[in-house]
Amino acid sequence: MSMTDRLTEGLLKVASKISNQRHMTAIKNAFTALLPIIITGAFCTLFSNVVCSTTTTGISLAKIDGFAWLEELTPLFTAANYATLNFFTIGTVVLIAIEMAKQLGHKETVAPVVAISAYVSLCDSFTKVAVEGVTDLVEVVNVLPREFTNAQGLFLGMIVAIVSMEIYCRLADSGKLAIKMPESVPSNVSSAFNALFPAVLTILIISAFGLLFTKVTGNSIYNMISTWIQAPLRGILTGLPGYLLIFFLSTCFWVIGIHGTQVLKPVYQATMLEAVIANTDAAANGQTPQFILNETFISCFTTMGGAGCTIGLLFAMLLASKRSDHRTIAKLSLAPGLFNINETMTFGLPIVLNPIFMIPFILTPVITATFAYFMTVIGFCGKMIYAVPWTTPPLLIAWLGSGGSIGAVITQALCVVLSFIVYLPFVFAANKQEN
């Protein structure tokens, strides 16, 4: 077996293990299900700023004569934003718990409630707020602070959802904690009693661990995860080198026939979503968005036309390919490609295991992402601050994601040109091959 074959086989084994790992699958499926909620919250903030606001420094419809009445709709969008993005972690805990329980053979409806209860048992029940006329912060008790419900609590929520379901399902499967009810008792009542002790023990075990951890370390689990896991991971993935490495590996998986996006998405998606939600939250509060690299940046500058930025390959083939088979595939792929779907290219051209197109497929996202990053750093391109569906066509996604930045639209157009330039020589090389 050649070195290339051994490397390919090794990557296939790694990818298969990651894809089939139940915790990764649960996280991936949960985030996919949450997309409507995330997008709703992001668009509510966008509408508040560009439709209803009369105080924003940017363009707003409410500033136009005769449309000032739109400002009255602001509470509607503010409330919807609060109900979605500020409870992002709660939704994540519920959906991961459902996915985990399903994979472990449990469909009882109480499972996600157990996970939520276990999670809240680790949260603070007080917060401190500033009060006008009072020097010190005032403590408010019997409340759930927003850092535990919004994206800041995401990693703790993910961990608790997974661990609580592992504990609950194993206790339930042991059969030793079931309460036997007479056959005359309705099945739903019987199921509730069978889940009683596993649920109680699961919540108490996690709550006790949180108490013990705080007593031993003098710090909460939330603070530990935020400091030692969440912050370093965010620093790596929202920094250019780590970001480029992730998508370099993703395209490497793709070219050997593995869906690289699905394999690595559980690794980076939580951090990327947290980053774009943090930007949305900052925009809603009149603050400067912090993160350049986030979930919307991926769709806008790294996966235009699909993985490998194949939108450039589409245009290069339509304009320069002399091969009838390639031109036919490009024509068939144009419509889905404009919505960032490119399986017809990756597997139909194919790009997979194709020595000519593998190289630009791997390099192009690195080049376009780097270019867009530095255009954002110098202030020409607006930061991506709103979550937008990944199927949104180019240019429109840049405008919506940035909240109306013309610089972002121009930058994405230049990235399309860059991807075209990178792919073009390889299209010329393919022309010399026999059909």
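Here we summarise the structure given alongside this text. Keep in mind that what you see is a predicted model, and the values were worked out from it rather than measured.

What follows deals with the packing of aromatic side chains. For the structure shown, the criterion picks out ten aromatic pairs. Plain terms: the ring middles of tryptophan 254 and phenylalanine 347 are 6.1 Å apart, the flat faces sit at 50 degrees to each other, and that makes the pair tilted. A residue pair is termed long-range when its members are at least 10 positions apart, and tryptophan 254 in helix α9 (residues 240-255) and phenylalanine 347 in the loop between α14 (343-346) and α15 (358-377) qualify at 93 residues. In this structure tryptophan 254 comes out as buried when scored by relative accessible area, which is 2%. Three or more aromatic residues joined by ring pairs form one cluster here, namely Tyr243, Phe247, Tyr268, Phe297 and Phe301.

So, on to the layout of surface pockets. What the second largest pocket holds in volume is close to 600 Å³. As for the second largest pocket, its lining consists of 34 residues, and the residues nearest its centre are Thr261, Lys265, Ser299, Thr303 and Trp390. Counting residues per element, the ones that place at least two in the lining of the second largest pocket are α2 (22-52), α9, α10 (260-284) and α11 (295-302). If one sorts the elements of the lining of the second largest pocket by residue count, α10 sits on top with six residues. A breakdown of the residues in the lining of the second largest pocket according to their chemical character gives 15 nonpolar, 15 polar and four charged.

With that settled, the discussion passes to the packing of helix α6 (residues 154-174) against helix α8 (residues 221-237). In the contact formed by α6 and α8, the axes pass within 9 Å of each other and the chain directions differ by 110 degrees. In terms of orientation, α6 and α8 fall into the roughly perpendicular class. On α8, the residues touching Leu154, Phe155, Leu156 and Ile159 of α6 are Ile221, Tyr222, Ile225, Ile229, Gln230 and Leu233. Considered class by class, the residues forming the contact of α6 with α8 number nine nonpolar, one polar and no charged.

Take glutamate 132: it is sitting in the loop between β1 (126-129) and β2 (138-141). In the structure, glutamate 132 is positioned 215 residues away from phenylalanine 347 in sequence and 63 Å away in space, judged by C-alpha atoms.

Residue placement: threonine 149 occurs in the loop between β2 and α6. Here threonine 149 is in contact with Asn86, Phe87, Phe88, Thr89, Ile90 and Leu144, once residues within four sequence places are set aside.

It is at 9 Å that the axes of helix α5 (residues 111-120) and α6 come closest, and there the two elements cross at 125 degrees. On the basis of their axis angle, the class for α5 and α6 is oblique. Considering only the axes of α5 and α6, their crossing is right-handed. Facing α5, whose interface residues are Ala111, Val114, Ala115, Ala118 and Tyr119, α6 presents Leu156, Gly157, Val160, Ala161, Ser164, Met165 and Tyr168. Its residues placed into classes, the contact of α5 with α6 shows ten nonpolar, two polar and no charged.

Turning our eyes to something else, we now look at a nonpolar patch on the surface. A grouping of Phe374, Val377, Ile378, Phe380, Leu396, Trp399, Ile406, Ile410 and Leu414 is seen on the molecular surface, where their side chains present a nonpolar patch of about 860 Å² in accessible area. The set of elements that each furnish at least two residues to the nonpolar patch consists of α15, α16 (396-401) and α17 (406-431). Top contributing element to the nonpolar patch by residue count: α17, with three residues. Checked against the element boundaries, isoleucine 378 lands in the loop between α15 and α16.

Here we take up the environment of asparagine 49. Inspection of the secondary structure puts asparagine 49 in helix α2. By relative accessible area, which is 18% here, asparagine 49 ends up buried. Spatially, the C-alpha atoms of asparagine 49 and alanine 62 are 9.4 Å apart, while their sequence positions differ by 13 residues.

The rules behind the values
- Residues numbered from 1 in each chain as written.
- Predicted model: local features only at pLDDT ≥ 70, side-chain atom pairs only at ≥ 80, totals over all residues.
- Heavy atoms only, no water.
- Phe/Tyr/Trp six-rings, centres within 6.5 Å; stacked < 30°, edge-to-face > 60°.
- Helix = DSSP H or I, 4+ residues; strand = E, 2+ residues; numbered from the N terminus.
- Buried < 20%, exposed > 50% of the residue type's maximum accessible area, 1.4 Å probe, protein only.
- 1 Å grid on protein atoms, 1.4 Å probe; cavity = no way out; pocket = protein on both sides within 12 Å on 5 of 7 lines; lining within 4 Å.
- Points joined across faces, edges and corners; volume = space filled by probe spheres on them.
- Nonpolar A, V, L, I, M, F, W, Y, C, P; charged D, E, K, R; others polar.
- Axes fitted to C-alpha atoms, helices over the stretch in contact; angles between N-to-C directions.
- Parallel < 35°, antiparallel > 145°, perpendicular 65-115°, else oblique.
- Contact = heavy atoms within 4.5 Å.
- Left-handed = near helix turned anticlockwise from the far one by under 90°.
- Patch = residues over 30% accessible without salt bridge, like charges linked within 9 Å, V, L, I, M, F, W, Y side chains within 5 Å.
- Areas by Shrake-Rupley, 256 points an atom, 1.4 Å probe, with all protein chains shown as cover.
- Salt bridge = Lys/Arg side-chain N within 4 Å of Asp/Glu carboxyl O.

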